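Below, each chain spelled out in residue letters.
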Amino acid sequence: MSTRKRQPRQHPAPRAPFVPSRGWPGPGGGQVAHLDPPAMWRATTVQACGLWPFAAGSGAPMTGVPLGQHLHTGATVCGDPISWFTRARYISNPSLFMLGMPGLGKSTLVNRMLIGLAATGVVPLVLGDLKPDYAVTVRALGGQVISIGRGVGGINVLDPGAMGEAAERIGGDAGRVLLAEAHGRVLNMVAALVTIVRNRPMDDHEQSVLSACLHHLRERMKPGRAPLLPDLLKVLDEGPDRVRAVTLDRGDETRYRQAVDPLQRSLLGVLDGPLGDTFSSETSTRINPNAPAVCIDISRIGEADTQLTAAAMLAAWSDGLGTVAAAHALADAGLAPQRWFFTVLDELWRPLRAASGIVERIDALTRLNRSLGLGDAKITHTLKDAEALGNESDRAKARGFVERAGMVVCAGLPRNEMQELGKVVGMSEREIDLVSSWSSPPGWASASGNEEPPGRGRFLIKVGGRPGIPIKVAITETEQRLHDTNTRWAGKDDPAHESLEGRR
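Residues numbered from 1 in each chain as written. Predicted model: local features only at pLDDT ≥ 70, side-chain atom pairs only at ≥ 80, totals over all residues. Heavy atoms only, no water.

A. Fine view of the overall build of the protein chain. Scanning the protein chain from terminus to terminus reveals 19 helices and 11 strands. Within the protein chain, residue pairs in contact and separated by at least 24 positions form 71% of the contacts whose partners lie at least 6 positions apart. Within the structure as shown, the protein chain displays about 26700 Å² of accessible surface, and the carbon and sulfur contribution to it stands at 52%. (Helix = DSSP H or I, 4+ residues; strand = E, 2+ residues; numbered from the N terminus. Contact = heavy atoms within 4.5 Å. Areas by Shrake-Rupley, 256 points an atom, 1.4 Å probe, with all protein chains shown as cover.)

Right, dumping it as structure tokens:
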């Protein structure tokens, strides 16, 4: 018989009633409503010095156009090539090179820089707007928009433009120097058109012949009238002594024709080919040197018309940069106030692929001296745009655009392309991972049809060997109205469109 005592039965402890964190819902429950987050206000330590409890800042640059918030600290990040070169001294070259996949906000960020710089007196110059991304912004700034395309407007590449007018106003030795520079720009532009038509660079002796023809035309044209490409063909056909001396024909007509016929055929190809309507007549609208902003809109040129697109962009750049040189020459002579300019060269890949040797022409047009008071932004999709060029010399020149840039801004890019960029710019593994993550598309199961890609509005700013600055850009309602790159799709959400789809 067991003597073990029976243990009393253990009853579980009463469970405490569950109380929701905000109280019980329902009538009489006393549930507390959600509290709205407090409003956030940003100010400098000077403006809100008594409310600023921190002894050290976050390190985000505060000089220049407000770009967005630091992705990790939330601090405001400011910057632009001109402010970082002139005021902050962060960079030694006032230039920006931006890369990123389409649709992630590259042109939106540059638009913000345009607006901010225009407010400080800098003149934005958009030299070849392809979509257009900047025309509406330039109009809102009170600037000048010039349309170029078949049946819309053209550019006379032999017209010295603002440089010729400035040379006449200045006169003397300074005026002659400016005329010589204008002659060089016209020579480079005609050579670029010939390069596009031939799909190869001009020969050296042909450039000498072309230069002699341009000198002959300038000396014999009536004051106030610029020569045209048909006038240049006429000089080649007539063969004046100044031109014949360059060809070394030694009085032999056959030798002269052998020397100039290839150039004459190429110029005829310019006039009678796909470029003729745009470059064969007088400039439809000249750039106003006093405009607060200028946009040359070439969006009416067809997407597949690569030759005309490249030629129009090069002509716009040549004309715009010539206007900058004229403005500085007038300021040096005391005939105009000193002005700074900011040029935008968007969709750089399109002229790069138009013809062999175009990279050299772009390099000649955009390799600007820092003393010119000119900042620039070059925008393209990837470094592979340079690798797709025909020869190693062109590829090296195109890579030099990135190497010489004071600021490099990256939107979302695939990892392999970020690794290639890291060889040129200097990227840490963490920075490569961050930017690569921004190239992912939105998820399939998004509840709304307007789901944005995760990388939209996110950028990494690199300056030399410094750590990159990751930022997030949130655009305002005004910027959204001014800059919409999806205008062709705007009708998709309209009620009229939905009712139409319902009837189909």
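B. Quick look at the side chain of T137. Relative to the assigned elements, T137 resides in helix α3 (residues 135-140). Polar side-chain contacts of T137 include one of 2.6 Å to the side chain of N111. Excluding its chain neighbours within four sequence positions, the residues that come into contact with T137 are N111, I115 and L482. (Polar contact = N/O pair within 3.5 Å; in protein donor to acceptor, adjacent residues only side chain to side chain.)

C. Spatial organisation of empty space enclosed by the protein. Tallying each qualifying case throughout the model produces 3 cavities of 30 Å³ or more. By volume, the largest cavity is sized at about 60 Å³. Looking at the largest cavity, the residues that line it are F97, L348, L352, T380, T382, L383, D385, A386, A398, F401 and V402. Where the lining of the largest cavity is concerned, the elements lending two or more residues are α14 (384-387) and α15 (392-403). Tallying contributions element by element places α15 first for the lining of the largest cavity, with 3 residues. Of the volumes computed, that of the second largest cavity is approximately 40 Å³. Considering the residues around the second largest cavity, the lining is formed by G128, D129, L130, K131, D133, Y134, D346 and E347. Here the lining of the second largest cavity is built from residues that sort into 2 nonpolar, 1 polar and 5 charged. (1 Å grid on protein atoms, 1.4 Å probe; cavity = no way out; pocket = protein on both sides within 12 Å on 5 of 7 lines; lining within 4 Å. Points joined across faces, edges and corners; volume = space filled by probe spheres on them. Nonpolar A, V, L, I, M, F, W, Y, C, P; charged D, E, K, R; others polar.)

D. Geometry of the confidence of the model for the protein chain. Chain-level statistics for the protein chain give a pLDDT mean of 82 and a share of 82% at 70 or above. Across residues 494-504 the pLDDT falls below 50, and counting only partners more than four positions away or on other chains, this stretch makes 4 contacts in the model. (pLDDT = per-residue confidence, 0-100.)

E. The arrangement of the pairing of strand β1 (residues 66-70) in detail. Examined bridge by bridge, β1 and strand β2 (residues 76-78) share 3 bridges and lie antiparallel to one another. Each residue of the ladder has a partner; that of G68, found in β2, is V77. Between β1 and β2, which pair antiparallel and follow one another directly, the connecting turn spans 5 residues, one of which, G74, has a positive phi of 80 degrees. Summarising the sheet, β1 and strand β11 (residues 469-472) pair through 2 bridges and their orientation is antiparallel. (Pairing = 2+ DSSP bridges.)

F. Local environment of the packing of aromatic side chains. This structure, assessed with the given rule, holds 1 aromatic pair. On the basis of an interplanar angle of 85 degrees and a centroid distance of 5.3 Å, the ring pair of W84 and Y90 is categorised as edge-to-face. Residue class for W84 comes out buried when judged on its relative accessible area of 1%. You can call Y90 partly exposed: its relative accessible area is 28%. The positively charged end of R244 is found above the aromatic ring belonging to Y256, 4.2 Å away from the centroid. Directly above the aromatic system of F401 lies the positively charged group of K378, at a separation of 5.8 Å from the ring centroid. (Phe/Tyr/Trp six-rings, centres within 6.5 Å; stacked < 30°, edge-to-face > 60°. Buried < 20%, exposed > 50% of the residue type's maximum accessible area, 1.4 Å probe, protein only. Lys NZ or Arg CZ within 6 Å of the ring centre and 35° of its normal.)

G. Just the environment of V136, in detail. With respect to the helices, strands and loops of the structure, V136 is situated in helix α3. For V136, a relative accessible area of 42% puts it in the partly exposed group. Sequence separation between V136 and L482 is 346 residues, and the spatial gap between their C-alpha atoms is 5.8 Å.

H. Layout of the sheet that holds strand β5 (residues 144-147). Spatial strand order, β2-β1-β11-β10-β9-β3-β8-β7-β4-β6-β5: 11 strands in an open sheet with mixed pairing. The open sheet terminates on both sides in strands that have one partner only, identified here as β2 and β5. Taking the axes of each pair of neighbouring strands and ignoring which way they run, one obtains an average angle of 25 degrees across the sheet. Strand direction decides the pairing type here: strand β4 (residues 123-129) and strand β7 (residues 341-345), joined by 4 bridges, are parallel. Pairing of P124 across the sheet is with F342, part of β7. (Axes fitted to C-alpha atoms, helices over the stretch in contact; angles between N-to-C directions.)

I. Representation of the pattern of salt bridges within the structure. One pass over the structure, following the stated rule, counts 20 salt bridges. Between R286 and D159 there is a salt bridge, with its nearest N and O atoms 2.7 Å apart. With R286 in the loop between α10 (276-279) and β6 (294-297) and D159 in the loop between β5 and α4 (161-170), this residue pair connects regions lying 127 residues apart in the sequence. The shortest N-O distance in the salt bridge between D231 and R225 comes to 3.4 Å. A relative accessible area of 37% places R225 in the partly exposed class. (Salt bridge = Lys/Arg side-chain N within 4 Å of Asp/Glu carboxyl O.)

J. Helix α16 (residues 415-425), seen in detail. Among all positions in α16, only E417, M418, L421, G422 and V425 are buried. Buried positions in α16, seen along its axis, are confined to an arc of 150 degrees and lie on one side of it. Once α16 finishes, G426 follows within two positions and takes phi at roughly 100 degrees, a positive value. (Arc of directions from axis to C-beta.)

K. Highlighting the side chain of S266. One can find S266 in helix α9 (residues 253-272). Judged by relative accessible area, S266 falls into the buried class, the value being 7%. In this structure the side chain of S266 is engaged in a polar contact, spanning 2.6 Å, whose partner is the side chain of R198. In this structure S266 touches V194, V197 and R198, once residues within four positions along its chain are discounted.

L. Quick peek at the pairing of β11. Strand direction decides the pairing type here: strand β10 (residues 458-462) and β11, joined by 4 bridges, are antiparallel. Bridged to I461 within β11 is I469. What sits between β10 and β11 in their antiparallel hairpin is a turn of 6 residues, with G464 showing a positive phi close to 60 degrees.

M. How the structure looks around unusual backbone geometry. Here the amide bond leading from K131 into P132 is cis, since omega sits at -5 degrees, within 30 degrees of zero. Relative to the helices and strands, P132 is located in the loop between β4 and α3. Phi is positive for L248, close to 60 degrees, though the residue is something other than glycine. With respect to the helices and strands, the residue L248 is situated in the loop between α8 (241-247) and α9.

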